[in-house]
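An overview of the molecular structure
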Amino acid sequence: MEFLSEYASFLAKTLTLVVAIVVVLVAIAATRGRGRRGSGQLQVQKLNDFYKDLRERLEHSVLSKDQLKATRKAQAKAAKQEKKAPPSKPRVFVLDFDGDIKASATDNLRHEVTALLSMAKAEDEVVLRLESGGGMVHSYGLASSQLVRIRDAGIPLTVCVDKVAASGGYMMACIGQKILSAPFAILGSIGVVAQLPNVHRLLKKHEIDFEVLTAGEYKRTLTVFGENTEKGREKFQEDLETTHELFKGFVARYRPQLDIDAIATGEVWLGMAAQERLLVDELKTSDQYLAERAAEAELFHLHFAHKKSLQERVGLAASMAADRFVLTWLSRLNQQRFW
């Protein structure tokens, strides 16, 4: 028992020391990172080289030595010929947008758009691989505005949806001159929703008062803790309807072929049904489209990466660990439905 007590004391001291070191390191990193906040760099990858590497690795495994030798010889001859008279190929700039509720990826998108507009021409193309179930109206409004910059510059914009572009995600997708969708991707949800709990009756039951003081009749319509009025509910609903009308008008502006009143019901459709309703132009995955374009154009993947401070990296690692834990158990529960 004495040994266990001493061992426990040793572990407690060690843990305290480790925590103290981590706190000091985070504080130092925070001090150093204050002046560098927002810094980052643009990363560019030529996707043609990526596809070429995939093909060559497969050829190396599948072809015989003689076949491989003949193939490499033909490729070298073609490369030499192309070097003498290089063809003028259009450029395709590939962007990714993986949207959360706050459209946080906009921080990168705005810099990526600024970079490509500095040299893109009308004969080039921008391909956006978009995945988002939507979120805050103002956040996705700003994200959509970044894509409008591409349209206004006269650069063709193609939006590829492999999984989901709903609500704010479709607000972004509709700006593309061409929308491609995987057959079972989810699209639509052209509507507005707001929900919040109200615990006023619970507080009243325990004789707890909550005061809401405002200057301006509609400064606060619905609250979580205060008593909501019918007039406040009507005003809140009116604001939702106004936002919905603006949303509908925005989509109709960029997709005039849509029967906007028929599809702006908040419903979602899978890719095949979405195509019938003209929400998308073609059923095709982003992989297929980019592989086809790589045969006739130069593809460049752009990604603006922000430099993360130590505390941000520690927080990100903890968040990813929690996400993996939750997703693992959700996956296990979901699998049980099909056993």
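The structure this text deals with has already been given above.
Each residue is numbered by its place in its chain's sequence as written, counting from 1. Where local features are concerned, this predicted model is filtered to residues with pLDDT of at least 70; where side-chain atom pairs are given and counted, the filter is 80 or more; whole-chain, interface and lining totals use all residues. The basis for every side-chain value is the complete set of non-hydrogen atoms in the structure, without hydrogens or water.

Topic: a nonpolar patch on the surface
A patch consists of residues exposed above 30% relative accessible area that lack any salt bridge, with like charges linked at up to 9 Å and nonpolar side chains (Val, Leu, Ile, Met, Phe, Trp, Tyr) linked at up to 5 Å. Computed with the Shrake-Rupley method and a 1.4 Å probe, the accessible areas treat only the protein chains shown as cover for residues. By definition here, a salt bridge exists when the distance from a side-chain nitrogen of Lys or Arg to a carboxyl oxygen of Asp or Glu is within 4 Å. A contiguous nonpolar patch, built from Phe184, Ile186, Val268, Leu270 and Met272 and spanning about 450 Å² of accessible area, is present on the exposed surface. Relative to the helices and strands, Ile186 resides in strand S7 (residues 186–188). Every helix listed is a DSSP run of H or I at least four residues long, and every strand listed is a run of E at least two residues long, numbered separately from the N terminus.

A word on the sheet that holds strand S5 (residues 164–166)
Whether two strands pair depends on DSSP finding at least two bridges between them. Across the sheet, which stays open at both edges, the three strands sit in the order S5-S7-S8 with mixed pairing between neighbours. Here the strands that pair on one side only, and so sit at the sheet edges, are S5 and strand S8 (268–270). Across the sheet, the mean angle separating the axes of adjacent strands is 30 degrees when strand polarity is ignored. In terms of strand pairing, S5 meets S7 through three bridges, oriented parallel. Each bridged residue has a counterpart across the sheet, and for Val164 the counterpart in S7 is Ile186. Axis lines are fitted through C-alpha atoms, for helices just across the contact stretch, and the angle between N-to-C directions can take any value from 0 to 180 degrees.

Some points on the packing of aromatic side chains
A pair of Phe, Tyr and Trp rings is counted when the ring centres sit within 6.5 Å of each other, with Trp represented by its six-membered ring. The angle between the planes then sorts it: under 30 degrees is stacked, over 60 is edge-to-face, the rest tilted. A full pass over the atoms with the stated rule returns five aromatic pairs. Pairing Phe250 with Tyr254 gives two aromatic rings, centres 5.2 Å apart and planes at 55 degrees, and the pair type is tilted. On the criterion of helical spacing, the pair formed by Phe250 and Tyr254 is a turn pair, its members being four residues apart in helix H8 (residues 230–254). Looking at Phe250, the relative accessible area reads 23%, which means it is partly exposed. Classification of Tyr254 as buried rests on a relative accessible area of 10%. Charge-over-ring placement is defined geometrically: NZ (Lys) or CZ (Arg) within 6 Å of the ring centre, and within 35 degrees of the ring normal. Over the aromatic face of Tyr218 sits the side chain of Lys235, whose NZ or CZ is 5.2 Å from the ring centroid. Summary of the burial criterion: residues with accessible area below 20% of their type's maximum are buried, those above 50% are exposed, and those between are partly exposed, where the area comes from a 1.4 Å probe applied to protein chains only.

Let's talk about the sheet that holds strand S1 (residues 40–46)
Taken in spatial order, the seven strands of this open sheet run S1-S10-S2-S3-S4-S6-S9, and their pairing is mixed. The open sheet is flanked by S1 and strand S9 (282–283), the only strands paired with a single partner. Any pair of residues with heavy atoms lying within 4.5 Å of one another is described as a contacting pair. Contacting S1, strand S2 (91–98), strand S3 (125–131) and strand S10 (298–306), helix H4 (residues 106–117) crosses the sheet at an angle of about 135 degrees to S10.

Some remarks on H4
Between the first and last residue of a helix there are one fewer steps than residues, each counted as 1.5 Å, and that sum is the expected span. For H4, which comprises twelve residues, the first-to-last C-alpha distance of 16 Å matches the rise-based estimate of 16 Å (1.5 Å per residue) to within 8%. Three or more residues of H4 are buried, namely Thr106, Asn108, Leu109, Glu112, Val113 and Leu116. The arc that holds every buried residue of H4, seen down its axis, measures 150 degrees, which confines them to one face. Structurally, H4 contributes buried residues whose contacts are with S1, S2, S3, helix H5 (137–152), helix H6 (168–173) and S10. What the arc covers is the set of directions going from the helix axis to the C-beta atoms.

Examining H5
Residues lying three or four places apart along an α-helix face the same way, a consequence of the helix completing one turn every 3.6 residues. Its 16 residues place the ends of H5 22 Å apart at the C-alpha level, agreeing with the 22 Å of an ideal helix rising 1.5 Å per residue. Every buried residue belonging to H5 is among Ser139, Tyr140, Ala143, Ser144, Gln146, Leu147, Val148 and Ile150, and all of these are buried. Backbone geometry just downstream of H5 places Gly154 in the positive-phi region, at approximately 80 degrees.

Here we look at the nonpolar core
One finds Phe97, Tyr170 and Met172 to be the most contacted residues of the largest nonpolar core, which totals 46 residues. Two domains each provide a minimum of three residues to this core, namely domain 1 (91–189 + 267–319) and domain 2 (191–257). Not counting the four nearest positions on each side in its chain, Met172 is found in contact with Phe97, Leu109, Leu128, Leu130, Tyr140, Ala143, Ser144 and Leu147. One finds Cys160, Tyr289, Ala294 and Ala297 within the second-largest nonpolar core, a separate group that totals eleven residues. As used in this record, nonpolar core signifies buried Ala, Val, Leu, Ile, Met, Phe, Trp, Tyr and Cys residues forming a set joined through side-chain atoms within 4.5 Å. What marks off one domain from the next here is an automatic or database domain assignment.

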